[in-house]
Amino acid sequence: MAISRSPNSKVPTKPEHLDAPFFTAAEVAWLMNVSTKTVYRRVAEGAPCSRNGTGPILVSQADLQHWYNANRVQPIRQPRRTNRKSLASAA
């Protein structure tokens, strides 16, 4: 049985519709696999969001995609190892 949570919940929750125009902080936390505390911290640092005074934080799909692209971690390529035999024959 699913647990229903209030919209102001601090627990990451799955959005009802993934194609919704805006997401709450708890939904963004679920989508990005981070805590809601991280979402609030990023908004305080200046991450784009829509907020009316003290109302809930709403993040648009475009802002969410921009945040994701800006924070993607690229794999580090290991330097190619040279063949010892080719080094010995070159000398």
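Our structure's up above, just so we're on the same page.
My aim in this report is to walk through the structure given alongside it, one point at a time. Within each chain, residues carry numbers counting from 1 in the order of the written sequence. Local features in this predicted model are restricted to residues of pLDDT 70 or higher, and side-chain atom pairs are both shown and tallied only at a pLDDT of 80 or more, whereas totals for entire chains, interfaces and linings draw on every residue. Note that the side-chain values use all heavy atoms of the structure and ignore hydrogens as well as water.

**Some remarks on helix 1 (residues 25-32)**
Think of an α-helix as 3.6 residues a turn; residues three or four steps apart then line up on the same face.
Item 1. Each residue is placed in one exposure class: buried if its accessible area under a 1.4 Å probe, protein chains only, is under 20% of its type's maximum, exposed if it is over 50%, and partly exposed if it falls in between. A run of H or I in DSSP becomes a helix once it reaches four residues, and a run of E becomes a strand once it reaches two; helices and strands are each numbered from the N terminus. When helix 1 is considered as a whole, its buried residues turn out to be A25, A26, E27, V28 and A29.
Item 2. Of the residues flanking the end of helix 1, it is N33, one or two places downstream, whose phi is positive at about 60°.

**Observations concerning the nonpolar core**
Item 1. Definition of nonpolar core: a set of buried residues of the types Ala, Val, Leu, Ile, Met, Phe, Trp, Tyr and Cys, connected through side-chain atoms within 4.5 Å. Of all hydrophobic cores here, the largest spans 11 residues; its members are A20, F23, A25, V28, A29, V39, V43, I57, V59, L64 and W67.
Item 2. Where this core is concerned, the elements lending two or more residues are helix 1, helix 2 (36-45) and helix 3 (61-70).
Item 3. Leave out the neighbours within four places in its chain, and V28 touches F23, V39, V59, L64 and W67. A contact between two residues is defined here by any heavy atoms of the two lying within 4.5 Å.

**What to know about a nonpolar patch on the surface**
Item 1. A surface patch of nonpolar side chains, about 280 Å² in accessible area, is lined by L18, W30 and L31.
Item 2. With respect to the helices and strands, L18 occurs in the segment before strand 1 (22-24). A patch is a set of surface residues, each over 30% in relative accessible area and not in a salt bridge, joined within 9 Å for like charges and within 5 Å for the nonpolar side chains Val, Leu, Ile, Met, Phe, Trp and Tyr. A 1.4 Å probe and the Shrake-Rupley method give the accessible areas. Residues count as covered only by the protein chains that appear here. We count a salt bridge whenever a side-chain nitrogen from Lys or Arg sits within 4 Å of a carboxyl oxygen from Asp or Glu.

**A look at the side chain of S60**
Item 1. Relative to the helices and strands, S60 is located in strand 2 (residues 58-60).
Item 2. Those residues within four positions of S60 in sequence are excluded, and the remaining contacts are P21 and F22.

**Here we look at the packing of helix 1 against helix 2**
Item 1. The interhelical angle for the contact between helix 1 and helix 2, taken along N-to-C directions, is 110°, at an axis separation of 8 Å. Classified by the angle between their axes, helix 1 and helix 2 sit roughly perpendicular to one another. Judged by residue contacts, A25, A26, V28 and A29 of helix 1 engage T36, V39 and Y40 from helix 2.
Item 2. Side-chain classes are defined by residue name, with Ala, Val, Leu, Ile, Met, Phe, Trp, Tyr, Cys and Pro counting as nonpolar, Asp, Glu, Lys and Arg as charged, and the others, Gly among them, as polar. Across the contact of helix 1 with helix 2, the residue classes break down as 6 nonpolar, 1 polar and no charged. To define axes, lines are fitted to C-alpha atoms, for helices over the stretch in contact only, and angles between the resulting N-to-C directions are given on a 0 to 180 degree scale. Throughout, the term roughly parallel applies to angles under 35 degrees, roughly antiparallel to angles over 145, roughly perpendicular to angles from 65 to 115, and oblique to all others.

**Looking at the pattern of salt bridges**
Item 1. As enumerated under the stated definition, the model contains 1 salt bridge in all.
Item 2. The partner of E45 in a salt bridge is R42, with the nearest N and O atoms 3.5 Å apart. On the criterion of helical spacing, the pair formed by E45 and R42 is a turn pair, its members being 3 residues apart in helix 2.
Item 3. The class for R42 is partly exposed, based on a relative accessible area of 25%.

**Observations concerning the packing of helix 1 against helix 3**
Item 1. Across the interface, helix 1 lies against helix 3 with an axial gap of 12 Å and an inter-helix angle of 40°. Considering the angle they form, helix 1 stands oblique to helix 3. Relative to helix 3, helix 1 is oriented so that their crossing is right-handed. Across the interface between the two elements, V28, L31 and M32 from helix 1 touch L64, W67 and Y68 from helix 3.
Item 2. Split into classes, the residues belonging to the contact of helix 1 with helix 3 amount to 6 nonpolar, no polar and no charged. Helix crossings are classified by the rotation of the near helix relative to the far one: an anticlockwise turn of less than a right angle makes the crossing left-handed, while a clockwise turn makes it right-handed.

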